[in-house]
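So you can see what is in the structure, the chains are spelled out below.
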Amino acid sequence: MAGIQTSNGKAFEYACVDSLYKLLISKQEVVIDDSPQLRTARVFYDEAPTVLKNNITKSADAAARVIERLEPQLSYPEGNIPLHLSLQADAAGQKGDVRDVLCVRNQNGWEIGLSCKHNHHAVKHSRLSGTIDFGKEWFGIPCSYQYFYDVQRIFGELSRVRDASRVRETPALWSEMDDKAGRYYRPVLNAFVAEMKRLDASNPNIIPERLIRYLIGRNDFYKVIADDKGCFTRIEAVNINGTLNQNAGKNAPMIKVPKLKLPNKIYNIDYKEGSDNTIQIVCNEGWEISMRIHSASSKVEPSLKFDVNLISLPSAIYAQSEPWE
């Protein structure tokens, strides 16, 4: 059964598809592509409590208004019809594509995507364990022997705790673990920070760019963030490859979206002040990342999970907060 955050997020994804369809259908042929993920999201939307449904609908309508102004190919098909709207499967994110909603014109190969967030800004969830080589997975550069030596003793202890609980047939719970930050979170983070510094030092000007590309995916996209408390939607244009904001024939966007520069230097990697489970990575070009490690489960398992947020973006980024109507 899906958690509340997951079900609300899926409902918001469907609302964004539906809002784009309602905004654009009077101007052209628009097709919503059927898929298992679309049907699932529609169920979450249809079954959402009335207040929540009203909020995500208003938020999606606000996003559609802004994105139409930024993307003339949504409104001016230039003969490239129909416009296809679809939802991507979650597996796409695991392959480096963080977009949830796709808008596609098959005839000319044009497409844009939306990453939909309901009351949160997280960009990636990645795991660490005694066997996961994050360097190879994130950057294409394997982690050192020293890193694995440091983390395997920690995750090995967690593995023994879990295995012993299976013998007892009583799950070991994180809530029952003494000083989990001091015994597990902080030692793993120390090893991670040390390895990040080693990788950066031995591969100058490479790691920062690859880190950002890993976190946000290989495709440009609009990040759409619903803020129910503030009654507005924030739209950010993550335009690294320059594929967003294109003309439709002679029809230019109402607002120009700049292409963003990726970082090539890490200024600092250290703990967030006063925290035992969160580090911050500060790069040039205005990029700053927060990474919080946690168990992600009530049961003890030999792995930990990162929640990652981009807490600072380049000053050139196009961002707009659109009030709900």
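Residues numbered from 1 in each chain as written. Predicted model: local features only at pLDDT ≥ 70, side-chain atom pairs only at ≥ 80, totals over all residues. Heavy atoms only, no water.

### Focus: the pairing of strand β11 (residues 303-312)
Regular strands have side chains that alternate between both faces of the sheet.
Here is step 1: By the bridge criterion, six bridges tie strand β5 (residues 124-129) to β11 in an arrangement that is antiparallel. Across the sheet, the residue bridging to Lys 124 is Val 308, located in β11.
Here is step 2: As paired elements, strand β10 (residues 288-294) and β11 share seven bridges and run antiparallel to each other. Its bridge partner lying in β11, His 294 is registered against Lys 305. (Pairing = 2+ DSSP bridges. Helix = DSSP H or I, 4+ residues; strand = E, 2+ residues; numbered from the N terminus.)

### Observations regarding the packing of helix α6 (residues 145-168) against helix α7 (residues 180-202)
Between two packed helices, both the angle of their axes relative to each other and the distance between the axes serve to describe the pair.
Here is step 1: α7 packs onto α6 with a crossing angle of 165 degrees between their chain directions and a minimal axis gap of 9 Å. By the criterion of interaxial angle, the relationship of α6 to α7 is roughly antiparallel. Like other packed secondary-structure pairs, α6 and α7 cross with a definite hand, here left-handed. Seen from α6, the contacting residues are Gln 146, Tyr 147, Asp 150, Val 151, Ile 154, Phe 155, Glu 157 and Leu 158; seen from α7, they are Arg 183, Tyr 184, Pro 187, Val 188, Ala 191, Phe 192, Glu 195 and Arg 198.
Here is step 2: Among the residues forming the contact of α6 with α7, the class breakdown is 10 nonpolar, one polar and five charged. (Axes fitted to C-alpha atoms, helices over the stretch in contact; angles between N-to-C directions. Parallel < 35°, antiparallel > 145°, perpendicular 65-115°, else oblique. Left-handed = near helix turned anticlockwise from the far one by under 90°. Contact = heavy atoms within 4.5 Å. Nonpolar A, V, L, I, M, F, W, Y, C, P; charged D, E, K, R; others polar.)

### Some details on the pattern of salt bridges
Here is step 1: The final tally for this structure, using the stated rule, is 16 salt bridges.
Here is step 2: Between Arg 183 and Glu 157 there is a salt bridge, with its nearest N and O atoms 2.8 Å apart. Of this pair, Arg 183 sits in helix α7 while Glu 157 sits in helix α6, and the two are 26 residues apart along the sequence.
Here is step 3: You can call Arg 183 partly exposed: its relative accessible area is 38%.
Here is step 4: Given a relative accessible area of 27%, Glu 157 falls into the partly exposed group.
Here is step 5: Salt bridges sharing partners connect three or more residues here, namely Arg 65, Arg 69, Glu 322 and Glu 325. (Salt bridge = Lys/Arg side-chain N within 4 Å of Asp/Glu carboxyl O. Buried < 20%, exposed > 50% of the residue type's maximum accessible area, 1.4 Å probe, protein only.)

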